[in-house]
Amino acid sequence: KVSSFSLSEEEKKLEGMLSSMEGVGRVKVALTIKSGSESVYALDQSESLRNAGTSDNAAYEKDSDSKPMVVSSDAGGESPVTVKEYLPEYRGALIICDGAADEKIKLEITEAVCALTGITYDNISVIKMKS
């Protein structure tokens with residue numbers, strides 16, 4: 001099961017990883033996303049026949065109602081059956097850190113953020129933190 005997505009938690013995780021890199025120093029991370037997360041649920045498709053004609057001319061049509069399939073928990077509640085979970089897609093990143101004046105550190109930070117988030121190089125800004 002995929003846990004719920006939290007942008008601030010993702011930023012904190014990235015801050016922790018980047019701050020452990022040689023020469024980065026203090027770091028703050030801001031991420032933006034294109035769209036939120038989305039869940040796709042299993043559907044319970046029940047069909048029923050509906051009388052669509054008069055009593056002399058009995059014709060039947062199918063009604064199809066789609067409702068999310070649910071499972072019951074031991075606590076008595078119900079939850080939908082999740083088929084697929086889509087996580088948000090990142091749009092950009094702003095990294096503010098002590099080591100941004102060094103071009104080598106700046107490149108390593110950009111490569112790390114790109115690798116971890118899928119954000120393209122041109123959407124990642126690395127800026128020196130004020131003293």
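For the structure given in this document, a descriptive report is provided here. Just so it is clear, the model here is predicted, and its values are computed rather than measured.

**Side note on the pairing of strand β9 (residues 124–128)**
The two faces of the sheet receive side chains in turn, since in a regular strand these alternate between them. Where strand β8 (residues 89–97) and β9 come together, 5 bridges link them in parallel fashion. If you follow Ile-96 over to β9, its bridge partner there is Ile-127. The parallel pair β8 and β9 is bridged by helix α2 (residues 103–117), and the resulting crossover is right-handed.

**A short note on the sheet that holds β9**
Taken together, 3 strands build an open sheet; the order of strands is β1-β8-β9 and the sheet is mixed. At either margin of the open sheet sits one strand with a lone partner, and together these are β1 (27–35) and β9. Adjacent strand axes in the sheet meet at a mean angle of 15 degrees, parallel and antiparallel pairs treated alike. Two elements, β1 and β8, share 8 bridges in a ladder whose sense is antiparallel. By the bridge assignment, Val-29 is partnered in β8 with Ile-95.

**Some words on the side chain of Glu-15**
Structurally, Glu-15 can be placed in helix α1 (residues 7–19). Excluding anything up to four places from it in sequence, Glu-15 contacts Val-27, Lys-28 and Val-29.

**Things to note about the pattern of salt bridges**
Scanning all chains against the criterion turns up 4 salt bridges. A salt bridge links Glu-108 to Lys-104; the shortest N-O distance between them is 2.8 Å. Placement of both Glu-108 and Lys-104 in helix α2 is noted, with a separation of 4 residues, approximately one turn of the helix. The class of Lys-104 is exposed, set by a relative accessible area of 55%.

**Topic: the environment of Ala-101**
Among the secondary structure elements, Ala-101 is positioned in the loop between β8 and α2. C-alpha separation for the pair Ala-101 and Val-24, spaced 77 residues apart in sequence, amounts to 9.8 Å.

**Re the nonpolar core**
Ranked by internal contacts, the top residues of the largest apolar core, which has 18 residues, are Leu-18, Ile-95, Ile-109, Val-113 and Ile-124. Contributions of two or more residues to this core are made by α1, β1, β8, α2 and β9. Those residues in contact with Ile-124, other than ones at most four positions away along the chain, are Ala-93, Ile-95, Thr-110, Val-113, Cys-114 and Ile-119.

**Comments concerning the packing of α1 against α2**
Where α1 meets α2, the closest approach of the two axes is 11 Å, and the angle between their N-to-C directions is 140 degrees. It follows from the interaxial angle that α1 and α2 lie oblique. The element α1 and its partner α2 pack so that their crossing is right-handed. Contacts from Leu-14, Met-17 and Leu-18 in α1 reach Ile-109, Ala-112, Val-113, Leu-116 and Thr-117 in α2. Across the contact of α1 with α2, the residue classes tally to 7 nonpolar, 1 polar and no charged.

Basis of the calculations
- Residues numbered from 1 in each chain as written.
- Predicted model: local features only at pLDDT ≥ 70, side-chain atom pairs only at ≥ 80, totals over all residues.
- Heavy atoms only, no water.
- Pairing = 2+ DSSP bridges.
- Helix = DSSP H or I, 4+ residues; strand = E, 2+ residues; numbered from the N terminus.
- Right-handed = clockwise from strand over helix to strand, strands pointing away.
- Axes fitted to C-alpha atoms, helices over the stretch in contact; angles between N-to-C directions.
- Contact = heavy atoms within 4.5 Å.
- Salt bridge = Lys/Arg side-chain N within 4 Å of Asp/Glu carboxyl O.
- Buried < 20%, exposed > 50% of the residue type's maximum accessible area, 1.4 Å probe, protein only.
- Core = buried A, V, L, I, M, F, W, Y, C linked by side-chain atoms within 4.5 Å.
- Parallel < 35°, antiparallel > 145°, perpendicular 65-115°, else oblique.
- Left-handed = near helix turned anticlockwise from the far one by under 90°.
- Nonpolar A, V, L, I, M, F, W, Y, C, P; charged D, E, K, R; others polar.

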